[in-house]
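Reading the structure
Below are the chains, spelled out letter by letter.
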Protein chains: 2
Amino acid sequence: MNPLKLLVIGGVAAGASFAARARRLDENAEITMIERGNDVSFANCGLPYHVGGEITDRNVLAVQTPASLKAMLNVNARTRCEAIRIDRQNKKVLVRDLPTGREEWLSYDKLMLSPGAAPRVPAIEGVDNPRIHVLRNLSDMDRIIADTAAGMEAVVVGAGFIGLEMAEQLHRKGLKVKIVQKGPHVLPQVDGRMAVPLERALASHGIELFTNDEVVRFEKGDASLVCHLASGKTLPADVVILSIGIEPESTLAREAGLKLGKRGHIVVNEFMQTSDPDIYAAGDAVETTDRVFGKPVAIALGGPANRQGRVAADHLFLGDKARPYPGSLGTAIVRVFDVAAGSTGWTENRLKASGLPYAVTTVNDVHHASYYPGAQMVTLTILWDPETGRLLGAEAVGVAGIDKRLDVLATAITARMTIDDICHLELAYAPPFGSAKDVINIAGFAACNQRDGLVDVTTGLPSDPSVQVIDVRGKPVAQASPVPGSVNIPVPSLRDNLDKIDRNRPVVTVCALGKNSYFASRILRQNGFNVTSLAGGLTALIEKP
Amino acid sequence: MNPLKLLVIGGVAAGASFAARARRLDENAEITMIERGNDVSFANCGLPYHVGGEITDRNVLAVQTPASLKAMLNVNARTRCEAIRIDRQNKKVLVRDLPTGREEWLSYDKLMLSPGAAPRVPAIEGVDNPRIHVLRNLSDMDRIIADTAAGMEAVVVGAGFIGLEMAEQLHRKGLKVKIVQKGPHVLPQVDGRMAVPLERALASHGIELFTNDEVVRFEKGDASLVCHLASGKTLPADVVILSIGIEPESTLAREAGLKLGKRGHIVVNEFMQTSDPDIYAAGDAVETTDRVFGKPVAIALGGPANRQGRVAADHLFLGDKARPYPGSLGTAIVRVFDVAAGSTGWTENRLKASGLPYAVTTVNDVHHASYYPGAQMVTLTILWDPETGRLLGAEAVGVAGIDKRLDVLATAITARMTIDDICHLELAYAPPFGSAKDVINIAGFAACNQRDGLVDVTTGLPSDPSVQVIDVRGKPVAQASPVPGSVNIPVPSLRDNLDKIDRNRPVVTVCALGKNSYFASRILRQNGFNVTSLAGGLTALIEKP
């Protein structure tokens, strides 16, 4: 039998994983990988960190080279080689060697499409200025490094994951950084409350943020350029980073007549086969299944891409033993200076936009035993189905332990756990690592209390002046940062001061973190008051920087 | 209706949680808590850290006091008050005020037994020496602090969680510390391989370890004492800490005729009711259900104790809305200097002893992206059902990210996930936090490879000289730390050197971490060799310090 000919288009996460797994499963296959860029299998998530010098050695980002792929995997990798056309009938691909312009047909038995996604570039005046960059690969990174220096003015357009990382790293390199963000807050995926600590971190490092604004044109200056914003503001810039999202690279697939999704992603089945069973696709260019609701979704992340490549290779070689790709959850995290924030599953914004029913619970608690030095606050929001209690998503922000909570909740969501289930997750507890009741348990308790009618919660201070706001914090704190219009009755003296509260008017209890206000609401409710507790506490409401 | 009278015996984790939750659910109940010790609701897991001065302020360990319980919860807490006898017929408890000796009967409608567990003290000669301590409460801690000083000789008997923490903290205080451990390695819960990094950490701090040995008698000296070991060795000591396990405090329950388990723990149903439905029990003294196999189990941990107390209160007040306690998993972690180790679910030792069928997979990988500075190795073992692939337990050791992996796997085990499921957990990945393929995914991949017959693994070097050991590490490493009797053929040159391996003799491939040996085994197997890969790599086999 002739060896199987595998052709891989795009040699980064999904393509490289596919090739590696294919080789482990078939020592005889002829595996050829073509990559349009200069590099294969590089660490794309690490690129911002080399710009700022946090990763000092560029070589560590080039995880594999054509030479190492040949040596380790006997894979023939060709960089600077672009796929031009797929001839599905004859199972061959026209490729062009970019340095020479020479074209040739490469035949395949099975084809893997892993072209990835390209940074979106807005069609606005002046966007072709060479001082305007995107960041996709090592070559982009090299150009950004060459074009930036301490003291320069940088404007980052878009405050998603890449934009935030780039802002931090350019600041680290000594540039003066401004961020322009179309929406009302950074990290548009998460709720505005969760973004506050990130914006504080940016502000404390002197990074200026322009929200609810966007660049409408770039004006070429003598030594720099000027970003004209929709608001009329103008920001001078020596360098601009565009990080406003990505587009799947699916032109090749479209021209080959493969089925695409609504937003142009390549449609695949659970084994990553496209509408042509001899052509697999994986990575940022494909549409896969949302693990929460089972709907089509496109999630551009390194983890899914790698595992999709593996699933495709398994399907090709493992027969009955191959297992389907179960879909993507969208677990993501970003660090901005000392603050981390992220989400898993469906975020509140996405649920809100979808119109699906959901309940939300926000709690604050420390990341390890409060009595052990260094405890840091974790703010955790869980989203759940009000009917069944099933977890739909989570968002978290804080200085420590954020990745752990997201990972546990990603696992819980995958397992279709409910708010009752997470009450009883038994997580590792020793003082340096956790608490007897982890913030995840606490979130479960709080959600069950809501579901069971033990507490009514609100996420904002009442605007209706007839509502009494009872601040149950200790006197010193309450006096230092008073809540306008509130009456201060600390929890320990509440039972003795019920006569200070009007039984005929609704009450909102407030405290710093949402715990004591809940305690107080239980006392008041059982004494006949109409009471609501401020969930998440006053910290979540603190004015933006 | 008269207010419900609740009496709580034992005011630490389970009892305090019960009282707090009961108060939130019933503002009118009369809640009395009696505690034999000097303190209620203290942070028992924090005690070792104050001995070493890592927690500087003793006050933070006294989470609640009778005064704060009164103020916050309207609970009447009486310390130095011991329960002598339960009169179930008349629903009252005889209690003794320890300072005065005065006895009185306290009546109850519902009783909570949360007496905890007492440190085990071996019945050997000289054990009553005042220099010999156990550590259960703040008073014990105060005595240890008073009796220890820099330069003293300390012997810690028992190298479980408390023993290891105490050894580290006494070292931190400047004592010369020795540990005596009955079994072959520290942290007897986990497999010997996982204990190696802990033992290295102890050795690197000059803490001497005496394994496979035990104290048979204590001899009183003039200014100190001498520990006589079974081996004949003698260890002088200014202070001794006994940390050889605990015994449930179930005498009161036994004398009241409540049902006890085989090992003397109080038997409860899923709502924490004892055999007398008016008496609940929770915490270290009870026997609950193992979440893996559903068998009776006694697990003395703070998390379960707290949640059990809550479940009991819910059962009492929430009617239909009360949810059962789902059982305990036994998730535990310990830090020894910079190394953390722990387990969740069933450990390999426990499975081995039970005779139940299981498969084991050990992998090593970094705790976050290898290209990002500070990546640390995680050694992870998963135990799984060879028939169904269901996860049964996990053990992990390393310098960073151990708690996270245990927590994710605790969640996965609770959800009855399989090795296939953990391949596709989508965990948070950004360079400072994780990897595109987390070590948990890698463990899933490796386990599936075993199950699917892609690799045969071994955990030790072959003793049979006819087996060829092929060391596939790079030449410099292989030459620096050679494997006796091996042939060094690095993976990249393996395909070109197959003729150097005898096809008629079995082959074991070895490398540092177990990854390249797997890669090599795939190449060799597909070329017709009878090959086994050393799982976990050579690091797991390195000689003990």
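Just above sits the structure.
Calculation rules
The written sequence of each chain sets the order in which its residues are numbered from 1. Note on labels: chains are lettered from A, ligands numbered from 1, in written order. In keeping with the predicted nature of the model, local features appear solely for residues at pLDDT of at least 70, side-chain atom pairs appear and are counted solely at 80 or more, and the whole-chain, interface and lining totals rest on all residues. The side-chain figures draw on all heavy atoms in the structure; neither hydrogens nor water molecules are used. One side-chain nitrogen of Lys or Arg within 4 Å of one carboxyl oxygen of Asp or Glu is enough to make a salt bridge. By the criteria applied, helices consist of DSSP H or I runs no shorter than four residues and strands consist of E runs no shorter than two, each listed in order from the N terminus. Only protein chains enter the accessibility calculation, which uses a 1.4 Å probe. A residue is then buried if its area is under 20% of the maximum for its type, exposed if over 50%, and partly exposed in between. Any two residues having at least one pair of non-hydrogen atoms within 4.5 Å are treated as being in contact. Accessible area that two parts lose when put together, evaluated with a 1.4 Å probe and summed over both, is termed the buried area. We call two N or O atoms a polar contact when they sit within 3.5 Å, provided that within protein one can donate a hydrogen and the other can accept it, with sequence-adjacent residues counted only if both atoms are side-chain atoms. Residues are grouped as follows: nonpolar covers Ala, Val, Leu, Ile, Met, Phe, Trp, Tyr, Cys and Pro; charged covers Asp, Glu, Lys and Arg; every other residue, Gly included, is treated as polar. Here, nonpolar core refers to any group of buried Ala, Val, Leu, Ile, Met, Phe, Trp, Tyr and Cys residues whose side-chain atoms link them within 4.5 Å. In this analysis, strands are considered paired if DSSP registers two or more bridges between them. For helices, the axis comes from a line fit to the C-alpha atoms of the stretch in contact; other axes are also lines fit to C-alpha atoms, and the angle between any two N-to-C directions lies between 0 and 180 degrees. Buriedness for pockets is judged along seven lines, at least five of which must meet protein on both sides within 12 Å for an open set on the 1 Å grid over protein atoms alone, while cavities are sets there where a 1.4 Å probe fits but cannot get out, and lining residues have an atom within 4 Å of a point. Grid points are joined across faces, edges and corners, and a volume is the space filled by probe spheres set on the points. Here, the term right-handed applies to a crossover whose path from the first strand over the helix to the second runs clockwise when the strands point away from the viewer.

**A few points about the pattern of salt bridges**
Counted according to the given criterion, the structure contains 62 salt bridges over all chains. Here arginine 136 of chain A and glutamate 249 of chain A are joined by a salt bridge, their closest N and O atoms 2.4 Å apart. Here arginine 136 of chain A is found in the loop between strand 9 (132-133) and helix 4 (138-147), whereas its partner glutamate 249 of chain A is found in the loop between strand 17 (246-248) and helix 7 (251-255), with 113 residues between them in sequence. Overall, the relative accessible area of 24% leaves arginine 136 of chain A in the partly exposed class. With a shortest N-O distance of 2.7 Å, glutamate 103 of chain B and arginine 96 of chain B are connected by a salt bridge.

**Notes on the interface of chain A and chain B**
The interface of chain A with chain B comprises 86 residues on the first partner and 86 residues on the second. At the boundary of chain A with chain B, total buried surface from both sides reaches about 7,400 Å², with 58% on carbon and sulfur atoms. Taken together, the connections running from chain A to chain B amount to eight salt bridges. Note that aspartate 403 of chain B and lysine 404 of chain A form a salt bridge whose closest N and O atoms lie 2.8 Å from each other. Across the chain A-chain B interface, the total number found is 38 residue pairs in polar contact (both at pLDDT 80 or more). Of the residues contributing to the side of chain A that touches chain B, the split by class is 47 nonpolar, 16 polar and 23 charged.

**Observations concerning the environment of glutamine 169 of chain A**
All names here are of chain A. With respect to the secondary-structure elements, glutamine 169 resides in helix 5 (residues 161-172). Counting along the chain gives 334 residues from glutamine 169 to arginine 503, while the straight-line C-alpha distance between them is 55 Å. In contact with glutamine 169, not counting residues within four places along its chain, are Pro48, Tyr49, Gly52, Gly53, Glu54 and Arg335.

**Notes on the nonpolar core**
Core analysis: the biggest nonpolar cluster contains 81 residues, and Leu380 and Ile382 of chain A together with Leu380 and Ile382 of chain B have the highest contact counts within it. Of all the elements, helix 12 (residues 439-451) of chain B adds the most residues to this core, at eight residues. Dropping the residues within four chain positions of it, isoleucine 382 of chain A is found in contact with Ala359, Val360, Thr361, Leu391, Gly393, Ala394, Leu409, Ile419, Ile422, Ala443 and Ala447 of chain A.

**Regarding the side chain of aspartate 314 of chain A**
Position of aspartate 314 of chain A relative to the elements: it lies in helix 8 (residues 302-317). Contacts of aspartate 314 of chain A, omitting those with residues within four sequence positions, involve Arg21, Leu25, Gly319 and Ala322 of chain A.

**Quick word on unusual backbone geometry**
All names here are of chain B. Within the chain, serine 41 stands out as a residue other than glycine whose phi angle is a positive 40 degrees. Tracing the backbone shows serine 41 in the loop between strand 2 (30-35) and helix 2 (47-51). Overall, serine 41 belongs to the buried group, its relative accessible area being 13%. A positive phi angle, close to 50 degrees, is found at leucine 187, a residue other than glycine. By relative accessible area, which is 0% here, leucine 187 ends up buried.

**As for the sheet that holds strand 24 (residues 359-366) of chain B**
All names here are of chain B. In space, the five strands of this open sheet follow the order 22-23-26-25-24, with antiparallel pairing throughout. Pairing within the sheet leaves two strands with one partner each, and these edge strands are strand 22 (332-336) and strand 24. On average, adjacent strands in this sheet sit at an angle of 10 degrees to one another, irrespective of strand direction. Looking at chain direction, strand 22 and strand 23 (residues 339-345) are connected through five bridges and run antiparallel. Across the sheet, the residue bridging to alanine 332 is serine 343, located in strand 23.

**Here we look at empty space enclosed by the protein**
On inspection of all chains with the given rule, the structure shows seven cavities of 30 Å³ or more. Computed from the structure, the largest cavity encloses a volume of approximately 150 Å³. Contributing elements (two or more residues each) for the lining of the largest cavity: helix 11 (419-423) and helix 12 (439-451) of chain A together with helix 8 (302-317) of chain B. Along the wall of the second largest cavity there are 14 residues; nearest its centre are Gly303 and Pro304 of chain A together with Glu426, Leu427 and Tyr429 of chain B.

**Quick word on the pairing of strand 11 (residues 176-180) of chain A**
Residues and elements named next belong to chain A. For strand 11, the tally of buried residues reaches four of five residues, placing the bulk of the element in the interior. Where strand 10 (residues 153-157) and strand 11 come together, five bridges link them in parallel fashion. From the neighbouring strand, alanine 154 faces strand 11, where its bridge partner is valine 177. The handedness of the strand 10 to strand 11 crossover, carried by helix 5, is right-handed. Inspection of the sheet shows strand 11 paired to strand 12 (residues 208-210) by three bridges, in the parallel sense. Paired with valine 180 across the two strands is phenylalanine 210, which belongs to strand 12.

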